[in-house]
Amino acid sequence: MVEESERSENSVLKSIQEKRNKRREEERNVGWYSWLLSDYPVLVLFLCTCLIAGSVAVSVIYVDPPDFSEPSKGFEVRGTDLADRVVTWKNLYDNTGYNQTLATYPTLYAKRRVEAQRQIDKKKRRLDRKKNKNKRKTKNSRSRLRRSAFMPRWNFTENGYFCYNPKSNYARFVLESTQQSSLWSVEGLSSVCQAERALLNHVTYSDVCIHAASPSSHPVDVATSCCPTFSVSNYVAYLAGVSSCSAITSRDLRKVSSLLRDCAPFYANKSLSSHCWKRRRDERLDENDGCKGAPSRCVKYDAVFSVFHYLADKDFLTSMLKSDSDFKYSLRHTAVFLPAMKNRGLLDLYYNNFRDPTLMSGTGLRVAGVDFGLNDHVFDRTLQSDMKYPLAAMAAVMVIISFYTKSIFVTAMSVIASVSSLFMAFFLYKVIFEFTHFPFMNLTAIMVMVGVGADNVFVYCSAWKTYKQFDARGSGPYGRKNNGKLDPARLGVVTRMTLKHAARSMFVTGVTTASAFLANYASTVTAIKCFGVFTGLTVLMNLFLCVTWLPAAVIVHEKYFSQIFFTMFKRCVAEKGRCSFFKCCSVFKCLQDCSRVFFQKIQIYIIVKLRWFWLFVGAALAAGGCVAIFVHPKLRLPSKNSKFQYFKSSHHFEAYALTLSDRFDFENEGIGYMPVSVVFGIVPMDNGNPLDPDNKGSIVFDKHFDMSHPQSQQWLLDFCAKIRKQPFYKPHGGEYDDLKICFIEPFKEWMTSDCVTADNSDNSPCCKKTKFPYPPMVFEKCLKRAVYKLYNTISFDRLTPGPRFDENDTLRAVIIEFQSVQPYTSSYQDVDAFYKDIKTWIKNESDHAPEGLRHNAWLRSELEFYSLQLGLYQGTVTAIGLSMGVVCVTLIVTTCSLTVTILANVTIASTIFMTVGVLVLCGWELNILESITVSIAIGLSVDFTVHYAVAYLLAPAMGRTEKVEHSASSMGPAIALAALTTFIAGLCMLPAQVSAYYKFGVFLMLIMTTSWFYGTYFFQSLCCVLGPRGTPKRCCDCSGSSNADDRCSRSLSTAASKSSKTCGEGKVASSESQSAAMMEMSSCTSAAGD
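We now turn to the structure provided with this report. (Residues numbered from 1 in each chain as written. Predicted model: local features only at pLDDT ≥ 70, side-chain atom pairs only at ≥ 80, totals over all residues. Heavy atoms only, no water.)

**Remarks on unusual backbone geometry**
Step number 1: Geometrically, the link from His 632 to Pro 633 is a cis peptide bond, its omega value of 0° lying close to zero.
Step number 2: Residue position: Pro 633 is located in the loop between helix H25 (611-630) and helix H26 (652-658).
Step number 3: With an omega of -5°, the peptide bond running from Phe 772 to Pro 773 counts as cis.
Step number 4: Along the chain, Pro 773 falls in the loop between helix H29 (744-750) and helix H30 (776-791). (Helix = DSSP H or I, 4+ residues; strand = E, 2+ residues; numbered from the N terminus.)

Now the structure itself:
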């Protein structure tokens, strides 16, 4: 017995010694990076600080700050065939004119003709200048007199009609009743009158309004000297013959209602127009003029037209045509036009009065929409004021991180890492990669950092806690204790194990997320390219700091600050009756216990037992998303042509632009047919920087262009004749229609004039004796003469079709233009068919053109919005394909299981379908921001699924159900917390007025909810049914030494027995203990692989 006892004692001592030797060996072989972090964490923090400070210093000193004064800059397509044509046409427009690359007339020829006439007309010009000078003096004196004689208030019975009629370029706002009642009543008109006076009572209004002369001679008040506003109340006052809108009675309203009812049919059939009064007054009406049939009282001053066209909504005209009662006319919305142009001078008026709801109290009205032309100016201020919401999101996430890590120091350092990653990405973006354009969309990277940064902190701190506890259990009863503080000699070992697994997990999620953002570089829209690159760099910089800055901060906390919380807790326990901190800790502990019960018991039960239910629900929701995206209502391309949404839809500016503008007829006037231009001689090439909206490049001339060749002249003449016979051609008519269509036709007609004019001037060879087609020398000489003479009779501008001359008067390009039958529309399908038909026809015709016109004949029309739609569609598809490719490769490399990769891809696809389907049902269209969200949704939704997939494969159990239980218990709390923080970050953005902030916040909330649901319930249920059993050979390859084999087997059996014992006894294991089992098996795997 004694011998057996001695052998047992020796065996125990030997085991302890072996364990100590093993731990000493681990302490010696931690690796250089883990050694550097554990022994010199302050040095690592210092080096990172220098790197961050250097990046910030260079960015501040050598880089101009971002300018958001033009927020829509960069929202254009570059790099496509259609975009090249759009950019080339823009260059052609910008470089045409006086002292430019091209001109619409021969400059040198014109200068010689002007110099020849200079001496002859010198005396006449001197006299004319003297007369004009006297006129200007008189006019200026009258202007000064006019500005010094203002009326204090407009009186319609004394002062007559308004100063002018309303115009579409005047500032305006829309009023609507808060009680959903009609404004066409005495009370409603009185409220409109009261509301407009209250809104315009501002000191700056008189500086921007249009003034009118007053016939009275009494003193005036400059602050109330503006022309009257154009409102229904003022028009009713004028038409009823009362002094002001406040004096309107029911009798006056019936009188005006009768007039409008009688005139409504003439407005409806287009007999009334904005020029009827002027034409009738000047007696310029012809037999075919529609104004001739309208009664005089309907035409006078065009007042009735102004009411129907500018001030009342469309429903008012409809009710006028249908109803006979004076008081049953529907006027829900009315526009009030200011006697002021849309300009920046109205900014103070808008901020002080139109954003103050108290001014409208008692009127029963509210300002429904505003159009002052201030979108850019207000956006810049709103963007700055809305920055408080990302800061609020960051503060909320900081609170959650501090409770999770129990360290203010680690929380502060994690926030510094997130903010620093933005500055470092800005340095790389501006200095290294030399991106010049910084769109305001890049600011949404702050929200990405709030979520991604918090996720990385949770992953690393969770792994740190797990391995710290794992190492403490491994020390045994003879290990060194330090009141819960980690043994300094073991810092390197724990750091090495934490980095080996946490860094790998962060690398996977960081690479997939960054790849999803960087995939947007494949887009053809400049702003999307810039956003993708900057946000992708931000994610990568955050990943870099999370494997350098964050581990060093955690070690510094462990060395110097870890005892602070422990000491405070002990003191509060001793004085728990008087310590409020203890109460907070007790509440937090209670919440922690409740969450542990939910994640370790309840959630596992509902996943495993209800797996078929979750599969059905997930598949049904994904199928519903597919129906919403592809069937009805469908994911549509943007439909609001040329209207970029700056603010959320409830904002005054956006409410007018998106909905209210369609209620008034004047907003829909001028919508005609799309013109088509065919350009010869200019290469459709964008040789500028596609990443810089201000760099459009320069004009590239076609070296083969030769218009003067007789064959080119004849072909162009025949080409113009063929255009008139095509179904897409629309006869336009007008005085200069022939010139607009094709200059060669009027030029040929001009060449048929007599060779000797009435004043005996010789026009040879530019006369009828020269037959068409003309010799090249004659063509060039006579064309310059014809254009010069025509230039003196017709107003030419940059858009005038015809020849283009360079600075040497050489003919370098020709533009012909005609009207098409295609109306202006934002429909992608209609414009796409129209563009392709005409492009194909022009291509077929130009293939048979002479050598001088055969090359670089291209089509141009109003296709900027169509180009944006096409670029968004193609760029989104490309970005999704690239993102999915990166995700598939990452999953294969990470999980080493084809089955899990397929299940994960099914889960990610279902998440995307569900997310985009909900956004479509919310009315989202595939615009700039929406295109970005769809492409990055893949990167943001893959993280949770990857975490669960790795945990499933590393589970010590062999069965599907046991593996799911392990992955749900070990990763469920961390994933739920990561989803919660990002959800809260998105929630904090909902009050923002900037549309990008608001929509990105909604997207973050939705993608976190759907990805958490599908990852936790749908993917886990799939694994319960179809997941791989056992331990994948490629994931746990114990093919190393025999010691590694034995240790791997012992670890597996030990972990499995622990799990079985815990489940059998019905106990609730902590997330840390479950994670420790997984990490123990993972350590076995890594050691065996080594």
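**Brief notes about the packing of helix H11 (residues 250-268) against helix H14 (residues 303-311)**
Step number 1: With their axes 10 Å apart at the nearest point, H11 and H14 run at an angle of 75° to one another. It follows from the interaxial angle that H11 and H14 lie roughly perpendicular. On H14, the residues that touch Leu 259, Leu 260, Cys 263, Ala 264 and Tyr 267 of H11 are Val 304, Phe 305, Val 307, Phe 308 and His 309. (Axes fitted to C-alpha atoms, helices over the stretch in contact; angles between N-to-C directions. Parallel < 35°, antiparallel > 145°, perpendicular 65-115°, else oblique. Contact = heavy atoms within 4.5 Å.)

**Structural notes on the packing of aromatic side chains**
Step number 1: What the rule picks out here adds up to 62 aromatic pairs.
Step number 2: Aromatic pair Phe 1000 and Phe 1003: ring centres 6.0 Å apart, planes at 50°, arrangement tilted. Linking Phe 1000 with Phe 1003, this pair stays in helix H37 (residues 995-1026), spanning three residues, or about one helical turn.
Step number 3: Owing to a relative accessible area of 1%, Phe 1003 belongs among the buried residues under this scheme.
Step number 4: The structure contains a cluster of three or more aromatic residues connected by ring pairs, namely Trp 184, Tyr 267, Phe 305, Phe 308, Tyr 310, Phe 316, Phe 337, Phe 664 and Phe 666.
Step number 5: Directly above the aromatic system of Tyr 404 lies the positively charged group of Lys 465, at a separation of 4.5 Å from the ring centroid. (Phe/Tyr/Trp six-rings, centres within 6.5 Å; stacked < 30°, edge-to-face > 60°. Buried < 20%, exposed > 50% of the residue type's maximum accessible area, 1.4 Å probe, protein only. Lys NZ or Arg CZ within 6 Å of the ring centre and 35° of its normal.)

**Considerations on the sheet that holds strand E3 (residues 365-371)**
Step number 1: Strand order in the open sheet made by the three strands is E2-E1-E3, with antiparallel pairing throughout. Since the sheet does not close on itself, it has two edges, and those belong to strand E2 (333-341) and E3, each with one partner. Here the average twist between neighbouring strands, direction ignored, is 25°.
Step number 2: Alignment of strand E1 (residues 170-177) against E2, held across six bridges, turns out to be antiparallel. In the sheet register, Tyr 170 faces E2, and the bridge partner there is Met 341. (Pairing = 2+ DSSP bridges.)

**Points about the state of the cysteines**
Step number 1: The full count for this structure, using the stated rule, is seven disulfides.
Step number 2: Sulfur-sulfur distance for the disulfide between Cys 720 and Cys 742 comes to 1.8 Å. Disulfide Cys 720-Cys 742: the torsion about the S-S bond is 65°, which places it as right-handed. Here Cys 720, found in helix H27 (residues 710-723), pairs with Cys 742, found in the loop between helix H28 (737-741) and H29; they are 22 residues apart in sequence, far enough to count as distant. (Disulfide = S-S within 2.5 Å.)

**Structural notes on the packing of helix H21 (residues 491-518) against helix H35 (residues 928-953)**
Step number 1: One can describe the packing of H21 onto H35 by two numbers: an axis separation of 7 Å at closest approach and a directional angle of 165°. Put simply, H21 runs roughly antiparallel to H35. The way H21 lies across H35 gives a crossing that is right-handed. Contact with H21, carried on its side by Ser 505, Val 508, Thr 509, Thr 512, Thr 513, Ala 516 and Phe 517, involves Ser 935, Ile 936, Gly 939, Leu 940, Val 942, Asp 943, Val 946 and His 947 of H35 and no other residues of that element.
Step number 2: Looking at the contact of H21 with H35, its residues break down into seven nonpolar, seven polar and one charged. (Left-handed = near helix turned anticlockwise from the far one by under 90°. Nonpolar A, V, L, I, M, F, W, Y, C, P; charged D, E, K, R; others polar.)

**Examining the sheet that holds strand E5 (residues 802-805)**
Note: strands within a sheet are paired through backbone hydrogen bonds, in either parallel or antiparallel orientation.
Step number 1: Sheet architecture is open: four strands sit in the order E5-E6-E4-E7, paired in antiparallel fashion. The open sheet has two edge strands with one neighbour each: E5 and strand E7 (858-861). Ignoring strand direction, the axes of neighbouring strands in this sheet form an average angle of 30°.
Step number 2: Pairing analysis gives seven bridges linking strand E4 (residues 673-680) to strand E6 (residues 811-823), with the strands arranged antiparallel. The partner of Val 678 across the bridge, within E6, is Ile 816.
Step number 3: Packed onto the sheet, helix H4 (residues 81-94) meets E4, E6 and E7 and runs at close to 75° relative to E7.

**Examining helix H31 (residues 828-846)**
Step number 1: With 19 residues, H31 extends 26 Å from end C-alpha to end C-alpha; this agrees with the ideal 27 Å at 1.5 Å per step.
Step number 2: Those residues of H31 not exposed but buried are Tyr 828, Val 831, Asp 832, Phe 834, Tyr 835, Ile 838, Trp 841, Ile 842, Glu 845 and Ser 846. (Expected span 1.5 Å × (residues − 1).)

**Description of the environment of Trp 184**
Step number 1: Mapped onto the secondary structure, Trp 184 falls in the loop between E1 and helix H8 (186-199).
Step number 2: Judged by relative accessible area, Trp 184 falls into the buried class, the value being 2%.
Step number 3: Here the alpha-carbon distance between Trp 184 and Leu 331, two residues 147 residues apart in the chain, equals 5.7 Å.
Step number 4: Here the side chain of Trp 184 touches Ser 257 through a polar contact of 2.8 Å, side chain to side chain. (Polar contact = N/O pair within 3.5 Å; in protein donor to acceptor, adjacent residues only side chain to side chain.)

**Topic: the nonpolar core**
Step number 1: In this structure, Leu 175, Trp 184, Leu 338, Phe 354, Phe 372 and Phe 1003 are the most contacted members of the largest nonpolar core, which totals 236 residues.
Step number 2: Broken down by element, the residue count for this core peaks at 17 residues, all from H37.
Step number 3: Grouped together as the second largest cluster of nonpolar side chains are 52 residues, Met 674, Cys 742, Phe 747 and Ile 816 included. (Core = buried A, V, L, I, M, F, W, Y, C linked by side-chain atoms within 4.5 Å.)

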